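Spelled out from the first residue to the last, the chains are:
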Amino acid sequence: MGSQEDDRAILEEGLLQNESNALFTGDGSVDFHGNPVLKQNTGNWKACPFILGNEGCERLAYYGISTNLVTYLTNKLHQGNVSAARNVTTWQGTCYLTPLIGAILADAYWGRYWTIAAFSTIYFIGMCTLTLSASVPALKPAECVGFMCPPASAAQYMVFFLGLYLIALGTGGIKPCVSSFGADQFDDTDPAERVKKGSFFNWFYFSINIGALISSSFLVWIQDNAGWGLGFGIPAVFMGLAIVSFFSGTKLYRFQKPGGSPITRMCQVLVASFHKRNLRVPGDSNLLYEVQDKSSAIEGSRKLEHSDELRCLDKAAVISDAELKSGDYSNPWRLCTVTQVEEFKILIRMFPIWATGIVFAAVYAQMSTLFVEQGTMLDKTIGSFRIPPASLSTFDVVSVIFWVPVYDRFIVPIAKKFTGKERGFTEIQRMGIGLFISVLCMSAAAVVEIKRLELARELDLVHKPEAVPLSILWQIPQYFLLGAAEVFTFIGQLEFFYDQSPDAMRSLCSALSLLTTALGNYLSSFILTIVTYLTTRNGQSGWIPDNLNEGHLDFFFWLLAGLSFLNLLVYTVCAKRYRPKKASQV
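Residues numbered from 1 in each chain as written. Predicted model: local features only at pLDDT ≥ 70, side-chain atom pairs only at ≥ 80, totals over all residues. Heavy atoms only, no water.

- Under an unreviewed UniProt entry, the name given to the protein chain is Protein NRT1/ PTR FAMILY 8.3 isoform X2, and the organism recorded is Cucumis melo.
- Under the UniProt heading Subcellular location (unreviewed entry), the note attached to the protein chain is "Membrane". (UniProt positions renumbered as here; feature names shortened; annotations may be inferred.)

Put into structure tokens, the structure is as follows:
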């Protein structure tokens, strides 16, 4: 009789638990007030329009500045081609470096929601400052008179770059958090929601490029024809709309609790493993230290399964005789859990994949620098209409907008039949395809430049800073290929660094993926500097002079194509060796 009652109690408990699992999320997410959230009322696609609207408006604001920035520096601040390109890539690099600050704050202290809110305010102030620098006559240099262009004063430079770098700081709290915050709206422990999350990243990137499309077409035209004050003011307004959109969805959001400083946890693993360097790691991983609760000791994180790689770090989870006798396992600088050790291992395993994204980012940086400068030396007229060179990036955006739904609705289902993967390709495969396309992109740019230089020689324009009669539309293939490469590589990176990162390090890992873009921009600046130094010795004009007709921009593009191919080979080796993480689903 007692046995039957016990069985009934166990059955009822199981039914209640299953019902609870169906009603509430299983990934530890909470509502705005810190309470467990009902799946039906929060998150999923119902919360995403506010996040996608925020991202679309913010990206419109960002690209409204960055797309045509090199033109503003050369035409309004009167900088040379190399200086302008270097300033743009350095600023863009900083925009992708500051996310490390926001990511650490989000993962350790504030959470993603409040980090986005705080840094959006800084971003908006920067946009307003930049608008003033282009609107107030005293804050901008005088116009050129003939070939005489007065340089900007120190005060004018200071106000302009203050606004520019406030924007860079503001992006630091938004970029690493928005995509992760959007993905947080899908329960990782629910197979149906997990598939939707993969689709979210595609549409997240789609919203980015809707904003970029408006910037590279409408806003570039406004800046070139109606004035830079208005051209910078409109993006500032949209940044305000981005903030409004974000706060509007607060009641529907799911929130992940910050898990403490990931930097501190990594340092604890290093210190503990060094302290126990003379201890032997047991052959049975079950003898390593781990808390007995279903959830891990790290707030907001699931447990991670032990891996056999990097066993030297496992020493941090070895229970010493002294700890065993005392029963005191509370000092994290002497004893770490398996999950904490595995967090560190995951970051180390991801590092080679991460590093190969740097060269791709250097290729991507050309779209807003040397592609634009190449376009200024091509025929920009179609009938009576003049095409601003920076607006050709519209075709990159159109390419992304074309490829995202094609990939999501057609390529994924077809690939799924062959690979058996729920998303068609793995993130690793997807990024590799993008790296291959980037080689084709730089090759296409080099071919266009070869043809342009041939025409310059034939028409005796080599020593004249004049555009050649070759339509700027010949640049479309390189922009279109770059857009296709983005869809595969950048979205693949978003998925990879979210899915493979530890639960309590997702903002940090998103920031690391963005850091490749920063380093790619810095790499582009570095290559520009080295190439300029080596090719301008002995009075030579160099590959990239102010008059591109005298240079060899094609050599620079071939150089990047070669680096991209070597990078693809390295990536292939790293990808074959990569082992994905294994997390508990409870």
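This is not the end of the story, as more comes after the structure.
1. A few points about the overall build of the protein chain
Step number 1: Scanning the protein chain for helices and strands turns up 18 helices and 2 strands.
Step number 2: Against the globule reference of 25 Å for 586 residues, the protein chain gives a C-alpha radius of gyration of 26 Å, in line with a compact fold.
Step number 3: Taken over the C-alpha atoms alone, the protein chain extends approximately 100 × 50 × 50 Å along its principal axes.
Step number 4: Across the 586 residues that make up the protein chain, the buried fraction comes to 56%. (Helix = DSSP H or I, 4+ residues; strand = E, 2+ residues; numbered from the N terminus. Rg over C-alpha atoms; globule rule 2.2 N^0.38 Å. Buried < 20%, exposed > 50% of the residue type's maximum accessible area, 1.4 Å probe, protein only.)

2. Focus on the nonpolar core
Step number 1: Counting 142 residues, the largest nonpolar core has Trp91, Ile353, Phe371, Phe556 and Phe557 as its most contacted members.
Step number 2: A per-element tally of this core places helix α16 (residues 476-499) first, with 12 residues.
Step number 3: Among all residues touching tryptophan 91, those that are not within four sequence positions of it are Tyr62, Ile65, Ser66, Leu69, Leu164, Tyr165, Ile167 and Ala168. (Core = buried A, V, L, I, M, F, W, Y, C linked by side-chain atoms within 4.5 Å. Contact = heavy atoms within 4.5 Å.)

3. Here's the deal with a nonpolar patch on the surface
Step number 1: A contiguous nonpolar patch, built from Phe32, Tyr109, Trp110, Trp114 and Phe247 and spanning about 570 Å² of accessible area, is present on the exposed surface.
Step number 2: The element best represented in the nonpolar patch is helix α5 (residues 99-135), accounting for 3 residues.
Step number 3: Examined against the element boundaries, tyrosine 109 turns out to sit in helix α5. (Patch = residues over 30% accessible without salt bridge, like charges linked within 9 Å, V, L, I, M, F, W, Y side chains within 5 Å. Areas by Shrake-Rupley, 256 points an atom, 1.4 Å probe, with all protein chains shown as cover. Salt bridge = Lys/Arg side-chain N within 4 Å of Asp/Glu carboxyl O.)

4. Quick word on the packing of aromatic side chains
Step number 1: One pass over the structure, following the stated rule, counts 46 aromatic pairs.
Step number 2: The aromatic ring of tyrosine 62 is capped on one face by arginine 59, whose charged end is 4.3 Å from the ring centroid.
Step number 3: Directly above the ring of tyrosine 407 sits arginine 430, whose terminal nitrogen or CZ lies 3.8 Å from the centroid. (Phe/Tyr/Trp six-rings, centres within 6.5 Å; stacked < 30°, edge-to-face > 60°. Lys NZ or Arg CZ within 6 Å of the ring centre and 35° of its normal.)

5. A short note on the side chain of arginine 265
Step number 1: By the secondary structure assignment, arginine 265 is in helix α9 (residues 262-275).
Step number 2: By relative accessible area, arginine 265 is classed as buried at 7%.
Step number 3: In contact with arginine 265, other than residues within four places in its own chain, are Gly259, Gly260, Ile298, Gln340, Glu343, Ala504 and Met505.

6. Comments concerning the state of the cysteines
Step number 1: Going through the model one piece at a time under the given rule, you end up with 0 disulfides.
Step number 2: Cysteine cysteine 57 remains unbridged, with the sulfur of cysteine 128 as its closest cysteine sulfur at 15 Å.
Step number 3: No disulfide involves cysteine 267; its sulfur sits 11 Å from that of cysteine 336, the nearest cysteine. (Disulfide = S-S within 2.5 Å.)

7. Description of the side chain of serine 66
Step number 1: Assignment of secondary structure puts serine 66 in helix α2 (residues 44-66).
Step number 2: The residues touching serine 66, leaving out its near neighbours within four places in the chain, are Trp91, Gln92 and Ser368.

8. Some remarks on the packing of helix α15 (residues 427-458) against α16
How two helices sit against one another is set out by the angle between their axes and by the gap between those axes.
Step number 1: Between α15 and α16, the least distance of the axes is 7 Å, while the angle of their chain directions is 155°. When the axes of α15 and α16 are compared, the pair comes out roughly antiparallel. Taken as a pair, α15 and α16 cross one another with a handedness that is left-handed.
Step number 2: Residues belonging to the contact of α15 with α16 are distributed by class as follows: 18 nonpolar, 6 polar and 4 charged. (Axes fitted to C-alpha atoms, helices over the stretch in contact; angles between N-to-C directions. Parallel < 35°, antiparallel > 145°, perpendicular 65-115°, else oblique. Left-handed = near helix turned anticlockwise from the far one by under 90°. Nonpolar A, V, L, I, M, F, W, Y, C, P; charged D, E, K, R; others polar.)

9. Considering the pattern of salt bridges
Step number 1: The full count for this structure, using the stated rule, is 13 salt bridges.
Step number 2: When the shortest N-O distance is used, the salt bridge between glutamate 55 and arginine 59 registers 3.9 Å. Here the residue glutamate 55 and the residue arginine 59 both occupy positions in helix α2, the gap between them amounting to 4 residues, near one helical turn. In this pair, the class of glutamate 55 matches that of arginine 59, namely buried.
Step number 3: Across the pair arginine 265 and glutamate 343 runs a salt bridge, and its minimum N-O distance is 2.9 Å.

10. Points about helix α11 (residues 338-355)
Step number 1: Taking 1.5 Å of rise per residue, 18 residues should cover 26 Å, and α11 covers 26 Å from first to last C-alpha, within 8% of that figure.
Step number 2: The largest bend along α11 reaches roughly 30° and is located at arginine 349, with the proline proline 352 sitting one to four residues downstream.
Step number 3: Burial runs high along α11: 14 of the 18 residues are buried. (Expected span 1.5 Å × (residues − 1). Bend = angle between axes of the 7 residues up to and from the residue.)

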